[in-house]
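# What the coordinates show
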Amino acid sequence: MRLVTFRLGGVERVGAVMGDRVVDLHAASNGEVPATMLELLAQGDAGMERARRVLAQAQDQGVPLSQVTLLAPVPRPPKNVMALGLNYREHAIESARARGEQVVFPEVPVIFTKASTSVIGPEAEIVVPYDVTTKADWEVELAVVIGARAKRVKAADALGYVAGYTVANDVSARDLQFAHQQFFRGKSLDTFCPLGPWLVTRDEIPNPHALRITLRVNGVTKQDSSTSELIFDVPTIIETLAAGLTLEPGDVILTGTPSGVGVARVPPEFLQPGDMVEAEIEGIGVLRNRVVAAE
Ligand code: ZN
């Protein structure tokens, strides 16, 4: 299933996409399926089975996607968005080069967070406050959405705790990221975490480590790699985080970005007002967001 959070007539609902239509799962099930993505995810596999059954019986229902506003699949994750740094070899190399430092591949996952308030949906604007940052950069990432309470999970079982996957753009204010000892501020500006366009349930992506991952700015390809290049794979990331920290349904983990970010280009490039950024992952979809300057 391709699950979405959408707004129609001022009401926010969880839905499933069929072709170019979206089915309101709550309405189509007479309330049997909850109204929000977080409530649905909290029901775990049983909730997903129910949603699947409702969708199968709703063949002719739904409204055209063009009539609704898609929000991030999880508009407000329970925790801040967790994210991996330097989790692709080529990106670790370009990052070190850009900062004039020695290349060091991480021996344990590098994990930081982005404020949950930075999340926006597909087609929403990335609003850059150019008086605060002049170095807003892009990072396409495979995003994992947790579907069950996970604590002390072994890597071998970890994918069973995943609800599904979506596309993320880990927009980063490089000047702020490098000025402060920690990444939080540079990663957390409002609108700096586009997610979407939908959550593809895990049954449709049996192997999350074989997906082409690309990003374009104004149609020009800037990043082009494969999730097979991840240094720490999804099960290892979940096992690491869930050791002593409880992951909850709706938690979002960004798995790191491949090479080709703006700050590492020669000369460096950063997002400008009017730029159209398209982040794409094979088997999931395209996340499109336009950049505008904050008023
Ligand atoms: Zn990132």
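Residues numbered from 1 in each chain as written. Predicted model: local features only at pLDDT ≥ 70, side-chain atom pairs only at ≥ 80, totals over all residues. Heavy atoms only, no water.

This part is about the pattern of salt bridges. For side chains bearing opposite charge, pairing can occur when the charged atoms are close. Using the criterion set out here, one finds 21 salt bridges in the structure. Close ionic contact of Arg13 with Asp24 constitutes a salt bridge, the shortest N to O distance being 2.9 Å. You can see Arg13 sitting in strand E2 (residues 11–18) and its partner Asp24 sitting in strand E3 (residues 21–24), a full eleven residues away along the chain. Among the charged side chains, a salt-bridge network with shared partners connects Lys114, Asp137, Glu139, Asp170, Arg174 and Lys187. (Salt bridge = Lys/Arg side-chain N within 4 Å of Asp/Glu carboxyl O. Helix = DSSP H or I, 4+ residues; strand = E, 2+ residues; numbered from the N terminus.)

With that settled, the discussion passes to the coordination of the zinc ion. Taken together, Glu139 (OE), Glu141 (OE) and Asp170 (OD) make up the protein donors of the zinc ion, found 1.9 to 2.1 Å from the metal. Spacing between the donor residues of the zinc ion along the chain follows E-x1-E-x28-D. One end of the pair, Glu139, is in the loop between strand E10 (136–137) and strand E11 (140–146); the other, Asp170, is in the loop between strand E12 (162–169) and strand E13 (172–173), with 31 residues separating them in the sequence. The exposure class assigned to Glu139 is buried, which follows from its relative accessible area of 4%. (Donors = N, O, S within 2.8 Å, 3.2 Å for Na, K, Ca; no water. Buried < 20%, exposed > 50% of the residue type's maximum accessible area, 1.4 Å probe, protein only.)

Turning our attention to helix H3 (residues 44–56). Relative to the 18 Å expected for 13 residues at 1.5 Å per residue, H3 spans 19 Å between its end C-alpha atoms, a close match to the ideal helical length. Taken together, the buried positions of H3 are Gly44, Gly47, Met48, Ala51, Val54 and Leu55. Taken end-on, H3 shows its buried residues confined to a sector of 125 degrees, consistent with a single buried face. (Expected span 1.5 Å × (residues − 1). Arc of directions from axis to C-beta.)

Per the stated rule, a full pass over the model turns up one aromatic pair. Both rings, one in Phe112 and one in Phe183, keep their centres 5.3 Å apart while their planes meet at 65 degrees; by these two values the pair is edge-to-face. With Phe112 in strand E7 (residues 110–114) and Phe183 in the loop between helix H5 (174–179) and helix H6 (184–187), this pair connects stretches of sequence that are 71 residues apart. When its relative accessible area of 10% is taken as the criterion, Phe112 is described as buried. The residue whose ring lies beneath Arg2 is Trp198, and the NZ or CZ to ring-centre distance is 4.6 Å. (Phe/Tyr/Trp six-rings, centres within 6.5 Å; stacked < 30°, edge-to-face > 60°. Lys NZ or Arg CZ within 6 Å of the ring centre and 35° of its normal.)

As a further point, take a positive patch on the surface. On the surface, a cluster of positive charge is made up of Arg149, Lys151, Arg152 and Lys154. When you line up the elements, Arg152 lands in the loop between E11 and E12. Residue Arg152 is classed as exposed on the basis of its relative accessible area of 66%. (Patch = residues over 30% accessible without salt bridge, like charges linked within 9 Å, V, L, I, M, F, W, Y side chains within 5 Å. Areas by Shrake-Rupley, 256 points an atom, 1.4 Å probe, with all protein chains shown as cover. Lys, Arg positive; Asp, Glu negative; His and termini not counted. Charge placed at Lys NZ, Arg CZ, Asp CG, Glu CD.)

Moving on: the sheet that holds strand E19 (residues 285–293). Spatially, five strands are ordered E9-E19-E18-E15-E16 in an open sheet, and the strand pairing comes out mixed. A strand with exactly one partner marks an edge of an open sheet, and here the two such strands are strand E9 (126–128) and strand E16 (220–226). Shown here is a sheet whose adjacent strand axes are inclined to one another by a mean of 15 degrees, direction ignored. (Pairing = 2+ DSSP bridges. Axes fitted to C-alpha atoms, helices over the stretch in contact; angles between N-to-C directions.)

What follows is about the side chain of Gln223. Mapped onto the elements, Gln223 comes out in strand E16. When sequence neighbours within four positions are dropped, the list of residues in contact with Gln223 reads Trp138, Glu139, Val140, Ile213, Thr214, Leu215, Thr257, Pro258, Ser259, Gly260 and Val261. (Contact = heavy atoms within 4.5 Å.)

The next thing to look at is the domain arrangement of the protein chain. The domain boundaries assigned to the protein chain delineate domain 1 (2–70) and domain 2 (81–293). Here the C-alpha centre of domain 2 lies 26 Å away from the C-alpha centre of domain 1. Both sides of the domain 1 and domain 2 interface together cover about 1100 Å² of buried area, and 63% of this is carbon and sulfur. Broken down residue by residue, the surface that domain 1 buries against domain 2 is led by Arg2, Leu41 and Leu70, which jointly contribute 49%. Counting across the interface, domain 1 meets domain 2 through two salt bridges. The shortest N-O distance in the salt bridge between Arg202 and Asp45 comes to 3.5 Å. (Domains from an automatic or database assignment. Buried area = accessible area lost by both parts, 1.4 Å probe.)

Bringing the environment of Val162 into the picture now. By secondary structure assignment, the location of Val162 is in strand E12. Taking relative accessible area as the criterion, Val162 reaches 1% and is therefore assigned buried. Sequence separation between Val162 and Leu41 is 121 residues; the distance between their C-alpha atoms is 9.9 Å. When neighbours within four sequence positions are excluded, Val162 is seen to be in contact with Val144, Val145, Gly147, Arg202 and Ile238.

Three or more residues of helix H4 (residues 89–98) are buried, namely His91, Ala92, Glu94, Ser95 and Ala96. Once H4 finishes, Gly100 follows within two positions and takes phi at roughly 65 degrees, a positive value.

This paragraph deals with the nonpolar core. Residues Val144, Phe192, Ile238, Leu247, Ile253 and Ile284 are the most contacted members of the largest nonpolar core, which totals 52 residues. Broken down by element, the residue count for this core peaks at five residues, all from helix H7 (residues 234–242). Ignoring sequence-local partners within four residues, the contact set of Ile238 consists of Val144, Ile146, Ala158, Val162, Leu247 and Ile253. Residues Leu3, Ala16, Leu55 and Cys193 belong to the second largest nonpolar core, which totals 31 residues. (Core = buried A, V, L, I, M, F, W, Y, C linked by side-chain atoms within 4.5 Å.)

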